[in-house]
Amino acid sequence: MAFVSAVTGDDSTKKFMDVLQNDFKTLSLETKKKHPQIREACDEAIEKLALASNNPQASLYGVVNQILYPLVQGCESKDVKIIKFCLGTIQRLIAQQGIDAKGARHVVDCLYNLGQAAMLELKLLQTAALLMTTSDLVHGDTLARTMVMCIRMVSPSETRDVSTSHAAAATVRQLVALVFERALAEANGTLKVNPADVRMQANNKAPKDLKPCAVDAYLILQDIIQLINGDSAHWLVGISDVPKTFGLELLDTVLTDFSDVFFKISEFRFLLKEHVCALIIRLFSPNVKYRAAFPSPHIPGAAGAAAAAGAPERPHFPVTMRLLRLVSVIVHKYHDVLVTECEIFLSLTIKFLDPDKPLWQRALALEVLHRITVHPDLLKAFCECYDMKPHATNIFQDIVNALGAYVQSLFVASQVNTPAGSSSIPQQAGFYWKGVWLPLCVTFEPGTAKAVYIEMLDRTEAPTIQDGYGISVAYACLVEIIRSIAITLEGDDYFRLQELYDDSQNDAEDKEINSNKTTNNHKESESTLDNGKAINNGHGEADQNSNVVEKIDPEAEDKERQLKLQLIKSSWCGLVWGLSVLAEASIGELENILRAIQTLARVSGKVGVTNARDACIGALCRCALPAQYCVPVLGALAALACPWPAARPAPAPGADLRHHVVWVGTPLPCAQPTGQQQSFVMVTSRHVTAMRALLAAARRDGDALQHAWLPVLTTLQHLVWILGLKPSTGGSMKASRASADANAVMSTSAVMADLPGQQVPVAESLGVMSALSAMLSRVFEASKNLDDVALHHLIDALCKLSNEAMELAYSNREPSLFAVAKLLETGLANMHRIEIMWRPITNHLLEVCQHPHIRMREWGVEAITYLVQAAFQYHHNNPGLVTEARERLVLEPLAELCAVRHCDVRARQLECAARLLHSRGDQLGAAWPLMMEIISAISDHHSEQLVRSAFQCAQLVAGDLLGCAGPRCLRRVLAAAAAFARQTKELNISLTAVGLMWNISDYLYHNRDKLSAALSSEAAAAPDAQPDLPPLDRLWMCLYIRLSELCTEARAPVRRAASQTLFSCIGAHGTLLSKPAWRALLAVLFPMLDQVQKQSNIASSEKVDTGEHILIHHTRNTAQKQWAETQVLTLSGVSRVFHSRFQLLTTVGDFNRSWTALLDYITDFALRRSHEVSVAALKSFQEVVSAAGRVEGEAPRRVWPAAWAAWTTIASGLGGPPPASEDGKPVELYAPSLNFLTTLVQIFPLIFQHIRPTFTAEDVQKLGECLSNVCSVEPSASALDGLGSGAPVSLHALHCLDTVHKEALSRHELLGALFSALIALAGAAEQAGSARCLAAAARLYRAAPGPSAQHAPRLLQALHTAVKKCSPDKRRRNSDRERDQPDEPTQIASLLLQVLATGLPLARENPDEYAEFWEILPTVLETFMFEPPVGGTAQAREVVGVVRDEVLRAAPRAPAPAARRLLALVRAGSLHHHAHTAHTAHTAHHAQRIENEQELKEREEFARTCFETLLQFSMLEDMDSITAAENENDPLAIMPLLDRFQEVISRYNKEEDSSEPLPRQQASEVSFVLRAVAALAAAMRRAPPARVDRAAWTKLIDVYPSLVRLAGGARVCGAGGAGAALREALLQFGALLAPPPAL
């Protein structure tokens, strides 16, 4: 209603004044007779109104007091009709705000007086209420009087009905509220009271600083407290007593609706703290001390306790109920300022839950606590103010524990409230445990608290508490506490998660839920936030800068974190215990209970309270497992101590008859003794529900589980085992029909006999298990939403679980494959973050693959191979995520399977590798090296089939996928091929692998440009270990290295194939190599040769046992012979490399060192005791030397000296002693073949033409020694020599010296050594060769006789030695051949004659220089003149002629000693026998062997020649110089000759009487003597007389008688030629018949 204007000119005011005039006229008429004074006052008022109405400027307030007077008088008239009319008019004035402060006081006084008279009380209440609500004029004493009037009407009396009391109570409440509203408005500055309008009274005890309205409120509240406390009011004079319930209600109204007054005005806070709280505490006393005097059905022994305690004051329900309402208000709104008081109130409230308290009292306390628990801020404040303080009561913890203890206390009695037919399963939701049935009679929406008993303000007696109400509210409190904690800790995320949980519960589709992901806030969160603002103590102002980002205070953040921790620490134990009891007893509500436990587990995990989280998870797990099922990890969680004193030990649970049996199975074997395990266990619908909750918790709140994953997974593993779920492809668990049938059999056994009608059909069981299997799979599929840390916790738990299964499997017990299968499923779900999960999962699976139990290994390798293939499939579908690191990471586990020795694992590994190569070969990328490592990881313990499978993969790579493998992997491919070549299971694979390397070389050759570009870019990014090589050359070197290694393989066929392939590759593709690569290649080839050399040295000579069905040629039947082939192949190959690339190699690196190394190997191999190796070595030597000779320009300085040194080493090493036998067996005799010796000698000219200028005498000497050594070796027969014998070695050796001959003619310093070489070669060679060598020496001497003077004696000695070696009967052999070609002695004699013809003139001219020559000459000539086969022959006669012409006759004369010695030889020859006794026996022996007439004739001719020479020499004029020193009397030695002649003739004469024919020899001798006598006689006659003395003549004459006697014999005429000789001799004596004239 709009107020009228204060100006009467206003239309509304005029109308109102007209109404007042009419009212006053009516009142005037009514009081006309009985109350004239009233009438007069009315007339006066009408007059005033009329005047004011006619004056527009007049004010209504100017006449109000005048017009009120008749109305007040009317109220004092005691006439009910008049009073009622006057009150109505007053109400109209009040309603139109037509009363000022003074008028208000009059009205209140009037009303007060009427109230004392108890008249029209309802009308009075209406007027007072109207006055207070329409204006703020009533203050101070006026207000006090108004309140006193109304309060007096509250108490019923005999004259006052109940409705009036109720109306009065309502009016009082309204007035109190108005007073406090004004105080609040005044405090806010929206209301200002004129102090003149306030009439204070003397008993005002309000603080002086308060404003008028605040004073009114303060005094009213003070008096309310006084009245409730039973004291008289100070300000409300006259009020000494009011009902406590009404006073408490007033106090409740004030505290509930006007909390801002208390926070804005400190005096009110003081009043609240000091008086209100003290009042409440005092009033609580009866409730605290009281114990129920009757036995509670739920509290055994309560009656006895009450009796023992006496009879204290009994609490009243109305008072207690209102007190608890006050406590609820204070706790909700004033806990910030009344911390200690709230601690007391809450402690008292908690005590109301004690078992010895009445049921209604416990119910009221539960409702109060329920109201508190729905507000997260309250619980947070409690925890902060109490539980976090060191010396305060842990109020929050006590609340939770009290609720849990209350729940447990409800089930301590037996056979109470148990419905009939308790053996059946109750259909109503509730709780049944230990024989106690409590229905769930009331449910609450989350976040709301609908109190029942605490709102019964009209009840004066305690109501009967409904069965199950207490547990229903306690259950709601526990759930709300968890909800409030979750809201506090998670904020808006809690509502989002709840929405998602609800949706996923109702929606058939699978939605991914993750408690760590944030979305838009749910509407419920908004409403809850609004509620939070409402309970924010009423004093929070809106933040004007709420849109400004505040700086994070580390201290505040830490405090907040500690608060969250304390919330969990204070509550989790009681919550877990309480909810565990409820879960155990629940029927129909288990799902919600478990959801609450899930929430607590989630928030506990988020804040890091691991024991709380683990306890929650343990509770879920225990609910999911059958009763008395023993799981060690859950046993540790069950050791949690009860947070409140237990009433009595809990009995062992019996058979659970409340739920349907879904499955009967066997327990999972574990580490405990077998006897302690149950034979079977039953899974009921309750367990299925709990399992679903457990799966939901694991799926939704996995981030918070952390270490609690282990009990979760352990429980799931046991349940899966019991349900008979088996792992299938991809890691999911499937139910089989076989296991279902087995369960059906077990279910119908005697064990199930006690459960009639409760078994679920098999088909339904399979459906349940399929659903559980799907949920189980979704748990691990949802792991993709976990954060990295949570994922690692999950994987770690699975690994621990798997380790336990592996430990059991070691004892040969059937293992559970749950953990392995779920590791696989987890890996499949997290392919998007493979870097995080891959190594932990695969590392453990690798351990599983090494387990001795085959089932464990099978699933371990199945998981790894499946994961690897899935990862590559994921990369194929998401190519943008592929990196080199990921590619390598994916294949590493498969590669690490190579370390597992089990063949079945290797087989699966190779199967996976083959599938990857066929389907994803082009996607391996950086994983190619690992793939090649897998393929090449062959071992000796692998079967032939495994090796073949691996090799098929290698063939696929080398055949079709080299381009995909990329340049970087080619080395690995080569290594794999080499590995297969080295394996010993299948020879054909080894040989084929070598062929693969040839294919790879072709690939390198044909793709060289592309490979070079690719490798160059990679080399720039990752420098190689060989930076000096071009990238492509590194690949070539890798190929050559692998092949070179195979060249030393133990099997000969592999070595042969590798050697051929190696040198074929070098020959075909060597042009691509750079100089550094050639240097590296040499560094490969030479170590290969060295290894071949070493292996050959230690190779066995025992015959190879190849079995009965394989034949081996005798040239390959030992390891030594097989290695000999390798030596030939490798050395020949290296030599071919040098031969074909010599020009290039001279420019590569340290060529001299390489050349020397090659020659060293050639030398070593050439001296091997193997014809094949040695000849091949020389062929290689010849090949590289010829290649060096064709080099354009000048070869390196050390090439030819090294070659010469190698040649000399080989030649010198021939013919050495055989090596000693190590095992005592005889060493096989060995001699070089003719082919070897010939090749060796033929190599020298190739070398000499390049070392000619530097060839020294020492080298010539060395050459001679080498050739002599070569020629002295008797070659052995070898198949390598061919069919023809070929030229003798000495001929080739002589050719070598002929090359030096030419050089020696120009460099005389070489002559001596060359002579020595020729002479030595002559001594070493066979006779024909010796003659050729001597002929060469003779030619050399004749070509340079002067420089060769000092070497002539050696030449003579050589000829002497050579002729002595000739066989004495040489002349009688090959007579036909001699006619055409002279024999060796003849050749030697001819050589001697040539040498003498050249040397004797020089010797005569230089006797000193030829002193040695002259010294040795007689000895040499003696051999040629007398000893066979030359002595006495035509060549001997020629020698005598040379002596005659060049020594005896020639001038200048030869040295006398030499001449005399030669002359003596001639004398001996003339006598037909040797003068030296040393030759006598030999000559006699030879004479006996003369059988050939031709020889006899030759000897006679030789003696005649000597004799003639002697005779000719005796006539020389200068003979004195020769003979003077020899004999003065007989210088010509005639006397001995004559004596010899006389002796022969005399012997002949003595034998004349014999009848036997004269021997031919003797006849020849006689004939020769006779001729010699004739010749001597003739010579003496011709000689100067001084030359022949008288004695000689006498001696000659003395011979004559003998001749005459001889002539008379008959035999002399028969001797061939003797008669003629005799006649000639006798005729010579004719001149001697008379003395010469001189005499």
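Predicted, not measured: the structure shown is a model, and the values here were computed from it.

## Focus on the nonpolar core
Right, so step 1: Counting residues in hydrophobic clusters, the biggest one holds 523 residues, and the most contacted among them are Phe411, Phe1138, Trp1155, Phe1181 and Trp1207.
Right, so step 2: In terms of residue count, the dominant contributor to this core is helix H19 (residues 469-490) (14 residues).
Right, so step 3: Non-local contacts of Trp1207, meaning those with residues more than four positions away in its chain, are made with Phe1181, Leu1240, Val1241, Ile1243, Phe1244, Ile1247, Leu1263, Cys1266 and Leu1267.

## Focus: the pattern of salt bridges
Right, so step 1: Counted according to the given criterion, the structure contains 43 salt bridges.
Right, so step 2: The salt bridge involving Glu944 is made with Arg948; its shortest N-O contact spans 2.5 Å. Here Glu944 pairs with Arg948, and both are found in helix H38 (residues 944-960), just four residues apart, close to one helical turn.
Right, so step 3: Judged by relative accessible area, Glu944 falls into the partly exposed class, the value being 33%.
Right, so step 4: A salt bridge links Glu1049 to Arg1051, with the nearest nitrogen and oxygen atoms 3.3 Å apart. The pair formed by Glu1049 and Arg1051 is uniform in burial state, with each residue classed as buried.
Right, so step 5: Members of the salt-bridge network, linked through shared partners, are Asp252, Arg325, Arg371 and Glu455.

## Some points on a negative patch on the surface
Right, so step 1: A cluster of acidic residues, Glu40, Asp43, Glu44 and Glu47, forms a negative patch at the surface.
Right, so step 2: Tracing the backbone through its elements, the reader meets Asp43 in helix H2 (residues 36-54).

## Description of the packing of aromatic side chains
Right, so step 1: According to the stated counting rule, one finds 32 aromatic pairs in the structure shown.
Right, so step 2: Centre to centre, the rings of Phe284 and Phe352 are 5.3 Å apart; their planes meet at 65°, and the pair counts as edge-to-face. Here the residue Phe284 occupies a position in helix H12 (residues 266-289), and Phe352 occupies one in the loop between helix H15 (339-351) and helix H16 (359-373), the gap between them amounting to 68 residues.
Right, so step 3: What makes Phe284 buried here is its relative accessible area of 0%.
Right, so step 4: With a relative accessible area of 0%, Phe352 lands in the buried category.
Right, so step 5: An angle of 25° between the planes, with centres 6.0 Å apart, marks the rings of Phe1151 and Trp1155 as stacked. Of this pair, Phe1151 and Trp1155 are both found in helix H48 (residues 1151-1166), four residues apart, which corresponds to roughly one turn of the helix. For the pair Phe1151 and Trp1155, a shared accessibility class is recorded, and that class is buried.
Right, so step 6: We note Arg1008 situated over the ring of Tyr1005; from NZ or CZ to the ring centre the distance is 4.4 Å.

## Some details on the sheet that holds strand E3 (residues 586-587)
Right, so step 1: A sheet is described by the order of its strands in space; here three strands give the open sequence E2-E1-E3, paired in antiparallel fashion. In this open sheet, the two edge strands, each paired with only one partner strand, are strand E2 (436-439) and E3.
Right, so step 2: In terms of strand pairing, strand E1 (residues 430-433) meets E3 through two bridges, oriented antiparallel. Bridge pairing in E3 places Phe431 opposite Ser586.

## Thoughts on the packing of helix H50 (residues 1199-1212) against helix H51 (residues 1234-1251)
Right, so step 1: It is at 10 Å that the axes of H50 and H51 come closest, and there the two elements cross at 155°. Considering their axes alone, H50 and H51 lie roughly antiparallel with respect to each other. Taken as a pair, H50 and H51 cross one another with a handedness that is left-handed. Contacts between H50 and H51 pair Trp1200, Pro1201, Ala1203, Trp1204, Trp1207, Ile1210 and Ala1211 from the former with Phe1236, Leu1240, Val1241, Ile1243, Phe1244, Leu1246, Ile1247, His1250 and Ile1251 from the latter.
Right, so step 2: Its residues placed into classes, the contact of H50 with H51 shows 15 nonpolar, one polar and no charged.

## Concerning the confidence of the model for the protein chain
Right, so step 1: Averaged over the protein chain, the pLDDT score is 77; the fraction of residues at 70 or greater is 78%.
Right, so step 2: Counting contacts from residues 744-757, a segment whose pLDDT is below 50, to residues more than four positions away or on other chains yields 16 contacts.
Right, so step 3: Across residues 1372-1379, confidence stays below pLDDT 50; counting only partners more than four residues off in sequence or on other chains, it has seven contacts.

## Re the environment of Thr1147
Right, so step 1: Within the element layout of this structure, Thr1147 appears in the loop between helix H47 (1142-1145) and H48.
Right, so step 2: What makes Thr1147 partly exposed here is its relative accessible area of 42%.
Right, so step 3: It is 9.8 Å that separates the C-alpha atoms of Thr1147 and Trp1078, two residues lying 69 residues apart in sequence.
Right, so step 4: At 2.6 Å, the side chain of Thr1147 forms a polar contact with the backbone oxygen of Leu1144.

## Notes on the environment of Gln1261
Right, so step 1: Within the secondary structure, Gln1261 sits in helix H52 (residues 1257-1272).
Right, so step 2: Gln1261 gets classed as partly exposed once you look at its relative accessible area, which sits at 42%.
Right, so step 3: C-alpha separation for the pair Gln1261 and Ala1317, spaced 56 residues apart in sequence, amounts to 5.9 Å.

## Structural notes on helix H14 (residues 317-334)
Right, so step 1: Here H14 contains 18 residues, and its C-alpha end-to-end distance of 25 Å stays within 8% of the 26 Å for a straight helix at 1.5 Å per residue.
Right, so step 2: Of all 18 residues in H14, 18 are buried; the element is thus mostly enclosed.

## Looking at the packing of helix H6 (residues 121-134) against helix H7 (residues 140-152)
In a packed pair of helices, the relevant descriptors are the angle between the two axes and the axis-to-axis distance.
Right, so step 1: Two elements in contact, H6 and H7, have axes whose closest approach is 10 Å; the angle formed by their N-to-C orientations is 145°. Read as a crossing pair, H6 and H7 show a hand that is left-handed. Counted together, Leu124, Leu125, Ala128 and Met132 of H6 and Leu143, Thr146, Met149 and Cys150 of H7 form the full contact between these two elements.
Right, so step 2: By residue class, the composition of the contact of H6 with H7 is seven nonpolar, one polar and no charged.

Conventions and cut-offs
- Residues numbered from 1 in each chain as written.
- Predicted model: local features only at pLDDT ≥ 70, side-chain atom pairs only at ≥ 80, totals over all residues.
- Heavy atoms only, no water.
- Core = buried A, V, L, I, M, F, W, Y, C linked by side-chain atoms within 4.5 Å.
- Buried < 20%, exposed > 50% of the residue type's maximum accessible area, 1.4 Å probe, protein only.
- Helix = DSSP H or I, 4+ residues; strand = E, 2+ residues; numbered from the N terminus.
- Contact = heavy atoms within 4.5 Å.
- Salt bridge = Lys/Arg side-chain N within 4 Å of Asp/Glu carboxyl O.
- Patch = residues over 30% accessible without salt bridge, like charges linked within 9 Å, V, L, I, M, F, W, Y side chains within 5 Å.
- Areas by Shrake-Rupley, 256 points an atom, 1.4 Å probe, with all protein chains shown as cover.
- Lys, Arg positive; Asp, Glu negative; His and termini not counted.
- Charge placed at Lys NZ, Arg CZ, Asp CG, Glu CD.
- Phe/Tyr/Trp six-rings, centres within 6.5 Å; stacked < 30°, edge-to-face > 60°.
- Lys NZ or Arg CZ within 6 Å of the ring centre and 35° of its normal.
- Pairing = 2+ DSSP bridges.
- Axes fitted to C-alpha atoms, helices over the stretch in contact; angles between N-to-C directions.
- Parallel < 35°, antiparallel > 145°, perpendicular 65-115°, else oblique.
- Left-handed = near helix turned anticlockwise from the far one by under 90°.
- Nonpolar A, V, L, I, M, F, W, Y, C, P; charged D, E, K, R; others polar.
- pLDDT = per-residue confidence, 0-100.
- Polar contact = N/O pair within 3.5 Å; in protein donor to acceptor, adjacent residues only side chain to side chain.
- Expected span 1.5 Å × (residues − 1).

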